[in-house]
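# Survey of secondary and tertiary structure
Okay, here's what each chain looks like letter by letter:
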Amino acid sequence: MSIVALTIDALLPALSNIGVAIHSHDATDNSMLVTMIFLGLGVGQLFFGPLSDSFGRKPIIYVGFSVFILASIVCVVAPSLEIMIFGRILQGVGLSASRTISISIIRDTYEGNYMAKIMSFVTAFFILVPVVAPAIGKIILDNFGWRAIFYWQVLFVIVLWVWFKKRQPETLKPEYKVSFNLTVFKNGFKELIKHKETLACTMVSGFVTGSFLVYLSSAQHIFEDQYDLKETFPYLFAMLAVSIGLSTFFNGTLVLRYGMRKLAFIALLNFTAIPLLYVICFWGAENPSVEILMIFLSLIFFSIGFIFGNMRSIAMEPIGHIAGIGAAMTGFISTIISVPIATFISSYVTDTALPLFLGLSICGALGLTIFSIFRQPASEVVLG
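Below: a short report on this structure. Since we're looking at a predicted model, the values are computed, not measured.

## Remarks on the overall build of the chain
- Helix and strand counts for the chain come out as 15 helices and zero strands.
- Its C-alpha atoms give the chain a radius of gyration of 20 Å, within 12% of the compact-globule value 21 Å for 384 residues.
- By principal-axis analysis of the C-alpha atoms, the chain measures approximately 55 × 45 × 30 Å.
- Counting the 384 residues in the chain, one finds 60% classified as buried.
- Sequence separation of at least 24 residues holds for 86% of the intrachain contacts in the chain that already meet a minimum separation of 6.
- Only carbon and sulfur atoms are counted for the fraction: they give 69% of the accessible area of the chain, which is about 15700 Å².
- The chain carries 23 positive and 21 negative side-chain charges, and their two centres are separated by 14 Å.

## Quick word on the nonpolar core
- Ranked by internal contacts, the top residues of the largest apolar core, which has 105 residues, are Y215, F223 and F357.
- With 14 residues, the single largest contributor to this core is helix α13 (residues 290-316).
- Core analysis: the next-biggest nonpolar cluster, separate from the first, contains 14 residues, M119, I325, A327 and M329 among them.

## Here we look at helix α1 (residues 2-9)
- Burial analysis of α1 places eight of its eight residues in the buried class, the great majority of the element.
- Among the residues of α1, those classed as buried are S2, I3, V4, A5, L6, T7, I8 and D9.

## Structural notes on the pattern of salt bridges
- Enumeration according to the criterion identifies six salt bridges in this entry.
- Across the pair K138 and D142 runs a salt bridge whose closest N-O atoms are separated by 2.8 Å. Here the residue K138 and the residue D142 both occupy positions in helix α7 (residues 112-144), the gap between them amounting to four residues, near one helical turn.
- Residue K138 is classed as buried on the basis of its relative accessible area, which comes to 10%.
- Via salt bridges that share partners, D53, R57 and D108 belong to a single interconnected network.

## A few points about a nonpolar patch on the surface
- Together, F121, V242, L246, F249, F250 and F302 line one region of the surface with nonpolar side chains, adding up to about 490 Å² of accessible area.
- No other element matches helix α11 (residues 233-258), which puts four residues into the nonpolar patch.
- Looking at the secondary structure, you find F249 in helix α11.
- We classify F249 as partly exposed; its relative accessible area is 43%.

## What about the environment of A285?
- Structurally, A285 can be placed in the loop between α12 (260-282) and α13.
- With a relative accessible area of 38%, A285 lands in the partly exposed category.
- Separated by 67 residues in the primary sequence, A285 and T352 place their C-alpha atoms 8.7 Å from one another.

## Side note on helix α9 (residues 182-193)
- Between its terminal C-alpha atoms α9 stretches 17 Å, which fits the 16 Å expected from 12 residues at 1.5 Å a residue.
- Within α9, the full set of buried residues consists of V184, F185, G188, E191 and L192. The buried side chains of α9 occupy one side of the element, clustering within an arc of 135° when seen end-on. Turned more than 90 degrees from where α9 packs its buried face, L182 and K186 sit exposed.

Procedures and definitions
Residues numbered from 1 in each chain as written. Predicted model: local features only at pLDDT ≥ 70, side-chain atom pairs only at ≥ 80, totals over all residues. Heavy atoms only, no water. Helix = DSSP H or I, 4+ residues; strand = E, 2+ residues; numbered from the N terminus. Rg over C-alpha atoms; globule rule 2.2 N^0.38 Å. Buried < 20%, exposed > 50% of the residue type's maximum accessible area, 1.4 Å probe, protein only. Contact = heavy atoms within 4.5 Å. Areas by Shrake-Rupley, 256 points an atom, 1.4 Å probe, with all protein chains shown as cover. Lys, Arg positive; Asp, Glu negative; His and termini not counted. Charge placed at Lys NZ, Arg CZ, Asp CG, Glu CD. Core = buried A, V, L, I, M, F, W, Y, C linked by side-chain atoms within 4.5 Å. Salt bridge = Lys/Arg side-chain N within 4 Å of Asp/Glu carboxyl O. Patch = residues over 30% accessible without salt bridge, like charges linked within 9 Å, V, L, I, M, F, W, Y side chains within 5 Å. Expected span 1.5 Å × (residues − 1). Arc of directions from axis to C-beta.

See below:
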């Protein structure tokens, strides 16, 4: 899963440089190099998930790696913003295999709160990559140029490919393999809509991911342009990633004691209230000091660490018997919700960071409302 974060975050310090190279000088347009990769993630997993139910988890991940390498070559030679965006979408398609099937592998092996514990530790490693990715991207950019970032990502994937092949056993049992055809989607969707809590958590993930994507796509613009902190941006970004990583790690320990639903609810409450407080304090005003900005963002991101893993675990809990198509469809729905949200809100993050926090609070409130209505007591959950 870490290759997803690496592909997104290592490129952040180079967005303006890439814009100059491909003759795109609008920061909002360049931010699509971040958000559009999630479109590929959403669409790709819709196919790779069911394919993994038919042919096994590992072979489909290898296909995804191959698509990613091809897409990286497209990005390196792209002459325009449109071709570069196509390359980033294709990168997302390739990455969707490893992202979705990682979740399927976890569900193949674990269930309940212990699944949430494992998901938290996997997600913690996923979060650790953004701690170093922008700084590494900046070093590569300064010494070798922005294209070298793509070469480095390809090298990382090749190393990961070899390691995964040697160390990860196949987790899909032969008796659970199903033939790949269009009825897979039909039957999977029918099974999915039986579980209202699964749909609710998928929608919540979409709202939270969408608002978080606003940060990812606008962070470079906020810190480098609004705050004039080009050199320190990778380190500020890393500090905020640590905040998510810490909460994800704590979630892995606390979830066995308090349960994933309680932790997710409290985290959503904080995720909504903290940005709302920022909006109240700085409505109509200029950006506060970077120290205040970092405090608010750190508190928000600490909440995110308790949301992502638990929401995916709750959503997957009753559909373990269709883990591949289940992970694919929940991920697809979540992405279809998140990308338009991110694209819309990001267009308003021009002069101040206020639209970012307004978007976070609105998305948090919607997610909190949906989760409060449809969440079930753990004792009432029927496992698939």
